[in-house]
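Summary of the model geometry
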Amino acid sequence: MEFSHSSTYFGDIEAAKTKFGNWEGSRTARQARDSTEPRVIISVTSGLDLEQGESQVPRGRLSVVPYWSIEPWRAVVRDQATSHQALTVPIASLGLPFSMMRGLMGRDISSSPFGKTITAHVKVLNHLPELSLTRSAVLAPPTIDIVRLAFAAAAGDEFLGREPLARTLGLRALAFLRLHADDARLTMRDVADGLGVSRRTLFRAFAELGVSAQDWLREERLLRAAAMLQSGFTHLAVSAVARQCGFSDHSSFSRAFRHRFGCAPSEWQLLPPLSRAELERRTVLSPLDTV
């Protein structure tokens, strides 16, 4: 048997990555009855046989399957190890009719109107770099909205999901930028395509947040570079740090770094920690810190 697991919390929401092979797991009827905080799990995988109630989703293609903790379930991975991603959300936070949710449990909703949206969001959450508790918690409300709209659309009420989809776009776009900040070739068209919206809609979402996407992305890259240039990464050349943080050339990185921190990257490496901390406090706050 092979099994490895990691998870990240965004407020009351858990995003998890698991790899397992020759594995079988289940939740018994007794465990389901004793569930102290009922939760729904959205499973994104292509190699897991999943059963709950009368529904069964066989492996073989990418599926998005919600199931909940208040009924027994069984999952099986045979032979070859498979990767699995999941999102766990308190049922109470969704505020959806119980009968609607019951009809979705154990069903594959990947082909529903927002199946791709929730798949992409789960993957983004599972691959974000480490965030502070404040930044992590801010991603909980838009995540709940995305789950709610995906369930409503899968149940046949696509209109119900349109408003929260638009409301959460700005924060989802910032999460996408954070995930891909190390890609120097990243464009706003890439972001729009990744989120399934037009560039005009994307820029309108940034404007509603009061954010310049390019300024925000440059700040994110510079803060990452500053962290890497501290003592633990002194073996790296400045040019290598620039590339790893998403800057296409050394000269533009050095100019931006000096403008942001008041010194050259090579000088930053030699500063004592207290001096670096004082310069770093001049940070342009992200909406992920302030919303």
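Structure report, in brief. Everything numeric in this text was worked out from a predicted model, so none of it was measured. Here the residue numbers are simple positions, counted from 1 along each chain's written sequence. Per-residue local features of the predicted model are confined to residues with pLDDT of at least 70, and side-chain atom pairs are confined, for both listing and counting, to 80 or more; whole-chain, interface and lining totals are unaffected and use all residues. For side-chain calculations, the full set of non-hydrogen atoms in the structure is used, while hydrogens and water are omitted.

Pairing of aromatic side chains requires ring centres within 6.5 Å, counting the rings of Phe and Tyr and the six-membered ring of Trp. Pairs whose planes differ by under 30 degrees are stacked, by over 60 edge-to-face, and all others tilted. Inspection of the entire model under this criterion finds 10 aromatic pairs. Here the aromatic rings of F3 and F20 are separated by 6.0 Å at their centres, their planes lie at 50°, and the arrangement is tilted. Taken together, the residues span a long stretch of sequence, with F3 in strand β1 (residues 2-10) and F20 in strand β2 (residues 13-21) at a distance of 17 residues. Each residue is assigned to one of three classes by its accessible area relative to the maximum for its type, calculated with a 1.4 Å probe on protein chains only: buried under 20%, partly exposed between the two thresholds, exposed over 50%. Classification of F20 as buried rests on a relative accessible area of 4%. Here the aromatic rings of F3 and W23 are separated by 6.1 Å at their centres, their planes lie at 35°, and the arrangement is tilted. Of the two residues, F3 sits in strand β1 while W23 sits in strand β3 (residues 23-27), which places them 20 residues apart along the sequence. The exposure class of W23 is buried, given its relative accessible area of 17%. Secondary structure elements are defined from DSSP: runs of H or I of at least 4 residues count as helices, runs of E of at least 2 residues count as strands, and each element is numbered from the N terminus.

Right, let's talk about the environment of P90 for a bit. With respect to the helices and strands, P90 occurs in strand β9 (residues 82-90). Residue class for P90 comes out buried when judged on its relative accessible area of 7%. Expressed as a C-alpha distance, the spacing of P90 and E37, which sit 53 residues apart in the sequence, is 7.0 Å. The contact criterion used is simple: two residues touch if any of their non-hydrogen atoms lie within 4.5 Å. Once you skip the residues sitting within four places of it in the chain, P90 turns out to touch D12, E37, P38 and R39.

Strand order across the open sheet formed by four strands is β3-β8-β5-β6, with antiparallel pairing between neighbours. Looking at the sheet topology across the chains shown, the edges are occupied by β3 and β6 (55-57). This sheet shows a mean twist of 10° between the axes of neighbouring strands, independent of strand direction. In the sheet, β3 pairs with strand β8 (residues 73-77) via five bridges, with the strands oriented antiparallel. Bridge assignment links W23 to a residue of β8, and that residue is V77. Any two strands are treated as partners once DSSP identifies two or more bridges connecting them. All axes are obtained by fitting lines to C-alpha atoms, using only the stretch in contact for helices, and the reported angles, taken between N-to-C directions, cover 0 to 180 degrees.

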